[in-house]
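# Inside the fold
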Amino acid sequence: MNYEQISKITIGSMMTWGHMIWIFFPIPLFCLVLLSMPLPQKLEKFGINLVGKIFFTRVTVGALYIRLVYVFIGASLFIFGMASRTISMGFGSAHVPCSGNVCPYHTGETIWYRKSRRFRAERNFWLSLFTLVLWLLVLNIYALKKKIVRLKGDLKTISSDGYKTQDGNAATKKEE
């Protein structure tokens, strides 16, 4: 590989992980905090609606309609696949250093470069897995929280359906 090929690969890789750190982490973390905080019912409903409007809007790509959250999950899955592929391809003899502290074939810089490549690949694997799990958590917690808010609304509606007697208390029907 020459210098231009290495720089293109490095810049492309940095752009992917830059997006991962600044876009793919903060957005699901913010949503998880918003969805998991115990808030008053109106704020809880606002948070659910906000997350729903942002991530469950439909994006049109030609004739294909897809929800935005699935785009993020797909991108995270793709990045996780790339990181898994890098790990599974291996690193040659990066994990087996030359015998002793001095190697007649490799400089110290080459050995450290190999070790750092392995470290970065393993770090990227775990970061991409964590991001994928975050997006799946947002999807599942949103569905559960939406159901909870709906059930709380139904409970409030059911409890307010009773009629009031003259003394102001809700009348109850006794079963015979």
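Cut-offs and rules
Residues numbered from 1 in each chain as written. Predicted model: local features only at pLDDT ≥ 70, side-chain atom pairs only at ≥ 80, totals over all residues. Heavy atoms only, no water. Salt bridge = Lys/Arg side-chain N within 4 Å of Asp/Glu carboxyl O. Helix = DSSP H or I, 4+ residues; strand = E, 2+ residues; numbered from the N terminus. Buried < 20%, exposed > 50% of the residue type's maximum accessible area, 1.4 Å probe, protein only. Phe/Tyr/Trp six-rings, centres within 6.5 Å; stacked < 30°, edge-to-face > 60°. Expected span 1.5 Å × (residues − 1). Arc of directions from axis to C-beta. Axes fitted to C-alpha atoms, helices over the stretch in contact; angles between N-to-C directions. Parallel < 35°, antiparallel > 145°, perpendicular 65-115°, else oblique. Left-handed = near helix turned anticlockwise from the far one by under 90°. Contact = heavy atoms within 4.5 Å.

### A word on the pattern of salt bridges
If you walk through the whole model with that rule in mind, you get 4 salt bridges. Glu-44 is the partner of Lys-145 in a salt bridge, and the nearest nitrogen-oxygen pair spans 2.8 Å. Remark: Glu-44 occurs in helix H3 (residues 41-55) and Lys-145 occurs in helix H5 (residues 108-160); sequence separation between them is 101 residues. Residue class for Lys-145 comes out buried when judged on its relative accessible area of 13%. Using a relative accessible area of 6% as the deciding quantity, one classes Glu-44 as buried. We note a salt bridge from Arg-118 to Glu-122, for which the minimum N-O separation is 3.1 Å. Here Arg-118 pairs with Glu-122, and both are found in helix H5, just 4 residues apart, close to one helical turn. Classification of Arg-118 as partly exposed rests on a relative accessible area of 28%. Salt bridges here are not isolated pairs; linked through shared partners, they connect Glu-44, Lys-145 and Lys-152.

### Thoughts on the packing of aromatic side chains
In the structure shown here, the tally under the stated rule is 7 aromatic pairs. Summarising the aromatic geometry, the rings of Phe-56 and Tyr-142 are spaced 4.4 Å apart at their centres and angled 20 degrees between planes, so their arrangement reads as stacked. Of the two residues, Phe-56 sits in the loop between H3 and strand S1 (58-61) while Tyr-142 sits in helix H5, which places them 86 residues apart along the sequence. We note that Phe-56, like Tyr-142, is buried. Linked through ring pairs, Phe-55, Phe-72 and Trp-135 together constitute an aromatic cluster.

### Structural notes on helix H4 (residues 68-89)
In this model H4 runs 32 Å from its N-terminal to its C-terminal C-alpha over 22 residues, within 8% of the 32 Å that 1.5 Å per residue would give. Buried residues of H4: Val-69, Phe-72, Ile-73, Ser-76, Ile-79, Phe-80 and Ala-83, and no others. The buried residues of H4 all sit within an arc of 130 degrees when viewed along its axis, so they share a single face. Exposed residues on H4 whose side chains face more than 90 degrees from its buried face are Phe-78, Arg-85, Ser-88 and Met-89. Just past H4, the residue Gly-90 takes up positive phi, approximately 85 degrees.

### Remarks on helix H2 (residues 26-36)
Where H2 is concerned, the buried positions are Pro-28, Cys-31, Leu-32, Leu-34 and Leu-35. Seen from one end, H2 has its buried residues packed into an arc of 165 degrees, which puts them on one side.

### Structural notes on the packing of H2 against H3
Where H2 contacts H3, the two axes come as close as 9 Å, and the packing angle between them is 155 degrees. Judged on the interaxial angle alone, H3 and H2 are roughly antiparallel. Of the two possible hands of crossing, H2 and H3 adopt the one that is left-handed. Residues Ile-27, Cys-31, Leu-34 and Leu-35 of H2 lie in contact with H3, whose contacting residues are Gly-47, Ile-48, Leu-50, Val-51 and Phe-55.

All quantities given are derived from atomic positions and should not be read as evidence of function.
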